[in-house]
Amino acid sequence: MLRRDFLAITGLVGGGLALPSAFGKVIAAEALQSTLDIKIKKQLADAALAAATGAGASYCDVRVGRYLRQFVVTREANVQNILNTESTGVGVRVIANGAWGFAATYDLSVDAVAAAARQATAIAKANAGSQTAPVQLAPNKGVGEVSWKTPIVKNSMEVPIKDKVDMLLQVNAAALAAGADFINSTLFLVNEQKYFASTDGSYIDQDVHRIWTPMTVTAIDKTTGKFRTRAELSAPMGMGFEYLDGNKADQMVSPNGVVNFNKSYDMKQDAIAAAKQARAKLTAPSVKAGKYDLVLDPSHTWLTIHESVGHPLELDRVLGYEANYAGTSFATLDKLKANFQYGSDKVNIVADKLQPGSLGYVGYDDEGVKTKNWDLIKAGKLVDYQSIRDQAHILGKKESDGCCYADSWSSVQFQRMANVSLEPGKAKLSVADMVANVENGIYIIGDGSFSIDQQRYNAQFGGQLFYEIKNGKIGAQIEDVAYQIRTPEFWNACSAVCDASDYRMGGSFFDGKGQPAQSSAVSHGSSTARFDGINVINTARSLG
Amino acid sequence: MSFPTEAEIKAILLKVVAMSKADECTAQMSGATDGNIRFALNNVSTSGIVSDTELAVQVAFGKRVGSATINEYSDAALERVVRRAEDLAKLAPENPEFVPAVGKQTYRASNTFSAATAAITPEYRAKVASDSIGPCKAEKLIAAGFLSDSNAFVAFANSRGNYGYQTSTMLDYTCTVRTEDGRGSGWVASNVQDSTSFNAANDIRTAMRKASASADARALEPGKYTVILEPAAAAGLITFMMRFFDARQADEGRSFLSKKGGGNKLGEQVFDPRVNFSSDPWNPEAPVVPWDENWLPREKTFLVEGGKIANLNYSRFWAQKQGKRAAGQPGNLLMSGGTKTTADLVRSTEKGILVTRTWYIRMVDPQTVLLTGLTRDGTFFIENGQIKYPLKNFRFNESPVIMLNNIDELGKPVRMGDDNGRGSVMMIPPMKLRDFTFTSLSDAV
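About the criteria used
- Think of each chain on its own: its residues are numbered from 1, step by step along the sequence as written.
- Note on labels: chains are lettered from A, ligands numbered from 1, in written order.
- In view of the model being predicted, local features appear only for residues whose pLDDT reaches at least 70, and side-chain atom pairs are presented and counted only at 80 or more, with totals across whole chains, interfaces and linings using the full set of residues.
- Counting from the N terminus, the helices are DSSP H or I runs at least four residues long and the strands are E runs at least two residues long.
- Note on burial: count the other C-beta atoms lying within 10 Å of the residue's C-beta; 20 or more is buried, 12 or fewer is exposed, in between is partly exposed, and C-beta positions come from the backbone.
- C-beta atoms are first placed from the backbone for all residues, and any pair lying within 7 Å is then listed as a contact.
- In this analysis, strands are considered paired if DSSP registers two or more bridges between them.
- Comment: axis = line fitted to C-alpha atoms, over the contacting stretch for helices; angle = value between 0 and 180 degrees taken between N-to-C directions.
- Each domain's extent is set by a domain assignment, obtained either automatically or from a database.
- When residue character is reported, Ala, Val, Leu, Ile, Met, Phe, Trp, Tyr, Cys and Pro are called nonpolar, Asp, Glu, Lys and Arg charged, and the others, Gly included, polar.
- UniProt positions are given in the numbering used here, feature names are shortened, and annotations may be inferred rather than shown by experiment.
- Helix span is expected to be 1.5 Å times the residue number reduced by one.
- To form a nonpolar core, buried Ala, Val, Leu, Ile, Met, Phe, Trp, Tyr and Cys residues must be joined through C-beta atoms within 7 Å.
- For classification purposes, angles smaller than 35 degrees are called roughly parallel, those larger than 145 roughly antiparallel, those between 65 and 115 roughly perpendicular, and all remaining angles oblique.
- Whether a crossing is left-handed or right-handed is set by the direction in which the near helix is turned from the far one by less than a right angle, anticlockwise for left-handed and clockwise for right-handed.
- One number per residue, pLDDT, summarises how confident the predictor is, and it ranges from 0 to 100.

- An unreviewed UniProt entry lists chain B under the name TldD protein, from Sandarakinorhabdus glacialis.

- An unreviewed UniProt entry annotates chain A as TldD protein of Sandarakinorhabdus glacialis.

Listed below in C-alpha cells is the structure:
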C-alpha cells in the first residue's frame, strides 16, 4: 500500500467509496484474527512448484500471502473511519531459460495457482529472448518446514475496536484540554501472514506484525493568523499492542525535559506535550541562519540515515535500475573498491534484519534467505551495499544479504532497504555530557520536512522541535530551522555518538521504490549524535 | 479481459441496492486493465498486465456507516457483501459529520475514453521500450523508463435513484536518459488519453538531447534568478499549493488561505492578475469523469480568477455547516497561459535559468507553502535568448504563492500527469519567473 492510499483512508485526501485496490477486501474485525491453514498453503505451494518445473522452469518460488490491515482514524471527538482489510493471493516467480517470469492470482485453488506458475514460466521464456545475460542466483540452501513470528506480547488485531476508539478519543480530549486547537490521531495495524516455498526445498511460514500511531496536533493564533503543528514522537514498530502500554521505564527524557520514547509509547502523554509545544511554536523566536553544531535526537536522525545512507547503498540504485524513478547513487562501485571515506571514524553503520522491535525484522526475506546483519560503513569507510540473490555475484559475494521484499502477493519481490542504523558510541556518553561541550548549536527532536537529490548528495531536513544550545546549555525553543547537507561532508562532520543507553529506533511505513511503486516498512536506530558546523537556513517567509 | 457491458453492470448495481435493508445504500463497481513495461540499462526489466473489477457497497443506518467490497458477482456473493456492510454499519460509532447519499443527478458525459488506448497490446508496450532503447544504444546513451496504460470503467447506483457510468483510458510515459559516463542526464514525460497522440520515438529525442547537452555542467552561485520552469517543473510546485484550497482547512485557520482574525481569503487578490486556475471535466485536452468521489456533479469552476481566490472546495459536510452550496470537487487543474512555447520563452530571455524538471518536493512551512526540492535532468543557463551551457543542479526553497506573484510571462499550457501517472490531470504552462530562490548546489546528475 502506498502513502497516497493511506492518506485517502485517513481522509487527508480524497474520500468516497473508491477504495484503492491495494487494500484488497474490506472484512469484519474478527476475521483479522484468523489464519490460513498451513496444510492448504503447502498444497498450493507444491502445486506451483510442480507446475513450474514441469513447464521447464529451473527455479521457482511461491508466496502465499495474506495481508491484513486495520485503520482507526479520528479527529477531535469524532471517529472518521474504521477499516479492516484483507488481501490474499499467491505470487509465483520462476527462472526459465535464464530469465525471470512472474504471475499472480487471487484464486486460492490448486488449478489457478498451477496455471499462474505455468504463465510465469511462459513469460520467463518470452523474456529470455531479449535478455542480455542470464540471471545468476546466489546459492541458498533449503531450510525445510520452518516458521517465524514477530515476538509480540499482545496481538493488536485481538484488541476490541471499542478499546482502540476510546483510547484515541481520550488522547484527543487530553490534547484539546492542554491547548490544542485540532488533533488528528490514527491507529494503523498490519499483519503480514506470508508463506514462502521454493525449489531449493524451503517451506517458510511467517507471521509479521507492525504498529503505527500517527498524530498531528495543531495550535492556531487567530489574531496573527499563525498556525503550527507538532507530530508524534513515537516510531512505527515491529511490535504488538504492547507498544502502547506507556511503560515509564522505557521513556527517555532529554536534558531539557522533552519526553522521548523507546519501545513503549504513552500516546496521551505525548499528545499533551505536543499541544503545549505546538502552542509554544507560535511565539518561539526564528533561528538566525548560519553554521551550527547539531545535536540530533534518534527520533530525528533515523530519517537522515534513511535518506543519506540507506538509499545510496542499495545496489540496484548504484547499478542504475532505479534511474527513472527513485534515482541512482553517488556511492558508485569504484567508491566501494577504494573504501570511500563516507563519514568520520565515529560512523559505524550496520544493515540489520534481526533487530527486535524493528519494522524490517523477519526470520527470512521474500526469497527465502535467512536474515542477518552486516556492516555497510566501518569507522567511516564504505565496506558494503545491500544486495539480494540475483545481485550478489556483482559484488563477488557468495550469498544474498537477505533484504528482498514484495509489498503484496501480487507484486514482484525486489531489493529493499534493510534496517540501516548508526551504531552507538563505545565510550560512555550521555546526551547531557554531549551538550555540555557544544558552544553554539541546535538540538533537534523529531522528524520533519525532508528532501534529497536523486544521487543522494544534497539533502535538507527539518524537525519537530528545535532548541538553541549556548555554551553547553540547552536554551529556548526556536522555529524555522532546516539544515542542508552534502552527504559525505555531513557524515564526516560527525564528532560524537552517545552510548547504547540512549539508542532508539525511528522508521517509515511508506518507503517507496520501483515502478509500479511498492512500499516497504523500515527502521533506523541511533543514539543522539553530534554533527559540527552544519549549514542551517531560516525557512520563515512572508506572503505580504 | 473484457469487462461486463453497461447494462450488465447496471443490473448488478440495482440488484445490490434493492438487497439492502439499511436506510440508504450506494453501490459502486469499478474495473481496470492496467498494463506496464519497465526498462533500465537499455534492457526491459519487467512487464505486466493486471485486470480486476471490484464492487464496493456503502450503507447507512442513521448516522452509522459501513462499507464492504468484493470481486465476485453471484447472487450469493452480492447478498454476502451487502450483509457485511450492514453488519459493520450497525457496529460503527455514529458519524456526526454524516451527510446522506446524493439524490438523483444529471451527469453530462465527458470524453474520457479512447479506443486506441484501450486496445494497447504487449507488443505495443514492447515497441515503446524498443523505440526508447534503440536510439539511445545507437548514440551510446543509457535509457531507463516506464510506460503504464489503463482502460477503466466506473459505475454506481444508490437508493435515492442516482446512477452514473463512464469509461476512461490513460497512457503515461517517462524516460530518463543518461550518458555512459554518468555526467549527463535528460528526461521526457508524456501523459495522454489517446495513445495515437503519443510517439515514443519522437519523445525520446528530447531526453537524449538533454542528456548529451547537460554533461560538463558548470556551477553557478545559488541565489535569486530569473527562471523558465518547463510545465513539468512548475506542476510539482503548483499541485502542492492546490491542497490548501480546501474551505474547511482555510476556515479552521490552518492554510495560507486563512485570514487573520478568522475566515478565509475568498475574493482576495493573492496572485499576479494573470494567474487563473480552473477546473472543467469537459476540457477537450484534459477531460475527467463528470462526478467527484462523493458522486456530486463536477462543474466548470474557477478557483483563481485574475489572481483572486474565486472559489474554495467545500465538502458536503462543511458546506452544510457553513451554509454554502457544495459542488463536485475538481478532477483536473487547468492553468491558463499564453501562446508561447518553452523555446519561445527562452528566446525572449536576456539572462536566466531553464529548469526541465523539479524533484523530491516537500513542504517546509505550510504557513507560507514554502517548498524545497531540486532541479534535475537538464538545467541550463540562458543568455541573450540562447541556451549557453548546462548548469549543476540546484536545491530551491520557494513558495508557489510567492512564485506566482513574480511572473514575467506564461507560455502555452501543456497536459501533465503526476509522477506515477496517477491522480488528476493538469494543463500547466511553461513560465518565466523573477527572483526564484535557489539555496544550494547539488552534485547529483
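## A closer look at the overall build of chain A
- In terms of regular secondary structure, chain A is built from 10 helices and 26 strands.
- Seen along its three principal axes, the alpha-carbon backbone of chain A occupies a region of about 70 × 55 × 45 Å.
- By the burial criterion, 58% of the 544 residues in chain A qualify as buried.
- Long-range pairs, those at least 24 residues apart, make up 75% of the contacts in chain A with a sequence separation of at least 6.

## Some remarks on unusual backbone geometry
- Cis peptide bonds are those with omega within 30 degrees of zero, and the linkage from Q515 of chain A to P516 of chain A qualifies with 0 degrees.
- Mapped onto the fold, P516 of chain A is located in the loop between β24 (504-513) and β25 (518-526).
- If you check the backbone angles, Y360 of chain B has positive phi at about 50 degrees while not being a glycine.
- Relative to the assigned elements, Y360 of chain B resides in strand β12 (residues 351-365).
- Given 21 C-beta atoms within a 10 Å radius, Y360 of chain B is considered buried.
- The phi dihedral of V369 of chain B falls on the positive side, at around 55 degrees, and the residue is not glycine.
- Tracing the backbone shows V369 of chain B in the loop between β12 and β13 (370-383).

## Some words on the sheet that holds strand β3 (residues 64-70) of chain B
Residue and element names in this part refer to chain B.
- Spatially, six strands are ordered β3-β2-β1-β4-β5-β6 in an open sheet, and the strand pairing comes out antiparallel. With partners counted over all chains shown, the strands left at the sheet margins are β3 and β6 (185-192), one partner each. Here the strands of the sheet are splayed against their neighbours by 15 degrees on average, with no regard to which way each runs.
- Where strand β4 (residues 141-158) lies against strand β5 (residues 163-179), 17 bridges are found, and the strand directions are antiparallel. Bridging from a neighbouring strand, A144 pairs with T176 of β5.
- Together, β2 (43-61) and β3 form the strand contacts of helix α2 (residues 75-91), whose direction differs from that of β3 by roughly 150 degrees.

## What about the domain arrangement of chain B?
Residues and elements named next belong to chain B.
- Domain boundaries assigned for chain B yield domain 1 (6-211) and domain 2 (216-445).
- Measuring from the centre of the C-alpha atoms in domain 1 to the corresponding centre in domain 2 gives 25 Å.
- Taken together, the contact between domain 1 and domain 2 spans 29 residues of the former and 26 residues of the latter.
- Of all the secondary structure elements, the ones that give two or more residues to the side of domain 1 that touches domain 2 are β4, β5 and β6.
- Of the residues assigned to the side of domain 1 that touches domain 2, the class counts are nine nonpolar, 15 polar and five charged.

## Description of the UniProt feature "domain: Metalloprotease TldD/E C-terminal" (unreviewed entry) in chain A
- Here, the residues flagged by UniProt with the feature "domain: Metalloprotease TldD/E C-terminal" (unreviewed entry) are residues 290-536 of chain A.
- Secondary structure content for residues 290-536 of chain A is 14% helix and 39% strand, while the C-alpha to C-alpha distance between its ends is 5 Å.

## Quick notes on the UniProt feature "domain: Metalloprotease TldD/E central" (unreviewed entry) in chain A
- Annotation from UniProt places "domain: Metalloprotease TldD/E central" (unreviewed entry) at residues 158-243 of chain A.
- Secondary structure over residues 158-243 of chain A splits into 20% helix and 48% strand, and the C-alpha atoms at its two ends are 14 Å apart.

## Description of the UniProt feature "domain: Metalloprotease TldD/E N-terminal" (unreviewed entry) in chain B
- Those residues carrying the UniProt feature "domain: Metalloprotease TldD/E N-terminal" (unreviewed entry) are residues 34-89 of chain B in this numbering.
- Structurally, residues 34-89 of chain B is divided into 27% helix and 59% strand, and its ends, taken at the C-alpha atoms, are 32 Å apart.

## Things to note about the environment of F98 of chain B
Residues and elements named next belong to chain B.
- Among the structural elements, F98 can be located in the loop between α2 and α3 (115-118).
- For the pair F98 and F317, spaced 219 residues apart in sequence, the C-alpha separation works out to 7.2 Å.
- When sequence neighbours within four positions are dropped, the list of residues in contact with F98 reads A60, K63 and V65.

## Focus on the domain arrangement of chain A
All names here are of chain A.
- Taken domain by domain, chain A holds domain 1 (3-148 + 192-208) and domain 2 (290-538).
- Here domain 1 and domain 2 have C-alpha centroids that lie 29 Å from each other.
- The interface is formed by 26 residues belonging to domain 1 together with 23 residues belonging to domain 2.
- Elements that contribute at least two residues to the side of domain 1 that touches domain 2 include exactly α1 (3-9), β2 (59-75), β3 (78-96), β4 (99-105), β6 (182-198) and β7 (202-212).
- Residue contributions to the side of domain 1 that touches domain 2 peak at five residues, all from β3.
- Considering only residue class, the side of domain 1 that touches domain 2 consists of 12 nonpolar, nine polar and five charged.

## Describing the sheet that holds strand β18 (residues 419-422) of chain A
Residues and elements named next belong to chain A.
- In space, the four strands of this open sheet follow the order β15-β14-β13-β18, with antiparallel pairing throughout. Here the strands that pair on one side only, and so sit at the sheet edges, are β15 (381-382) and β18.
- Bridge count between strand β13 (residues 349-352) and strand β14 (residues 373-378): four bridges; the pairing is antiparallel. Of the residues in β14, the one forming a bridge with I349 is I377.
- On the sheet, helix α6 (residues 298-310) packs against β13 and β18 and is oriented at approximately 110 degrees with respect to β18.

## Considerations on helix α4 (residues 122-138) of chain B
All names here are of chain B.
- Across its 17 residues, α4 extends 24 Å between first and last C-alpha, which sits within 8% of the 24 Å expected from 1.5 Å per residue.
- Among the residues making up α4, those that are buried are R125, V128, A129, S132, I133 and C136.
- Packing partners of the buried residues in α4 comprise β1 (24-40), β2, β4, β5 and α5 (200-213).

## Considerations on the interface of chain B and chain A
- If you look at the interface, chain B gives 73 residues, while chain A gives 51 residues.
- For the side of chain B that touches chain A, the element with the highest residue contribution is β2 of chain B, accounting for eight residues.

## Quick word on the nonpolar core
- One finds A48, A52, V92 and A117 of chain A together with V57 of chain B to be the most contacted residues of the largest nonpolar core, which totals 278 residues.
- When near neighbours in sequence (up to four residues on either side) are disregarded, V57 of chain B contacts V16, C25, A27, S67, A68, V81, V82 and A85 of chain B.

## Examining the packing of α4 of chain B against α5 of chain B
Residue and element names in this part refer to chain B.
- Between α4 and α5, the shortest axis-to-axis distance is 9 Å and the interhelical angle comes to 40 degrees. In terms of axis orientation, α4 runs oblique to α5. Pair α4 / α5 crosses with right-handed handedness. Contacts between α4 and α5 involve V128, D131, S132, P135 and C136 from the first element and A200, A201, I204 and M208 from the second.
- In terms of residue class, the contact of α4 with α5 is built from seven nonpolar, one polar and one charged.

## Observations regarding α2 of chain B
- A rise of 1.5 Å per residue sets the reference length of α2 of chain B, with its 17 residues, at 24 Å; its end C-alpha atoms lie 25 Å apart and thus fit the reference within 8%.
- Within the sequence span of α2 of chain B, burial applies to L78, V81, V82, R84, A85, E86, L88 and A89 of chain B.

## Concerning the UniProt feature "domain: Metalloprotease TldD/E central" (unreviewed entry) in chain B
- Per the UniProt record, "domain: Metalloprotease TldD/E central" (unreviewed entry) is annotated on residues 146-213 of chain B.
- This span, residues 146-213 of chain B, is 21% helix and 56% strand, and a straight line between its end C-alpha atoms measures 23 Å.

## Points about the confidence of the model for chain A
- Looking at chain A, pLDDT values average 93 and 94% of them are 70 or higher.
- In this model, residues 12-22 of chain A is a region of pLDDT below 50 whose contacts with residues beyond four sequence positions or in other chains number 27 contacts.

## A word on the confidence of the model for chain B
- In this model, chain B carries a mean pLDDT of 94, and residues with pLDDT of at least 70 account for 99%.
- Two numbers describe this predicted complex: its pTM, 0.95, and its ipTM, 0.94.

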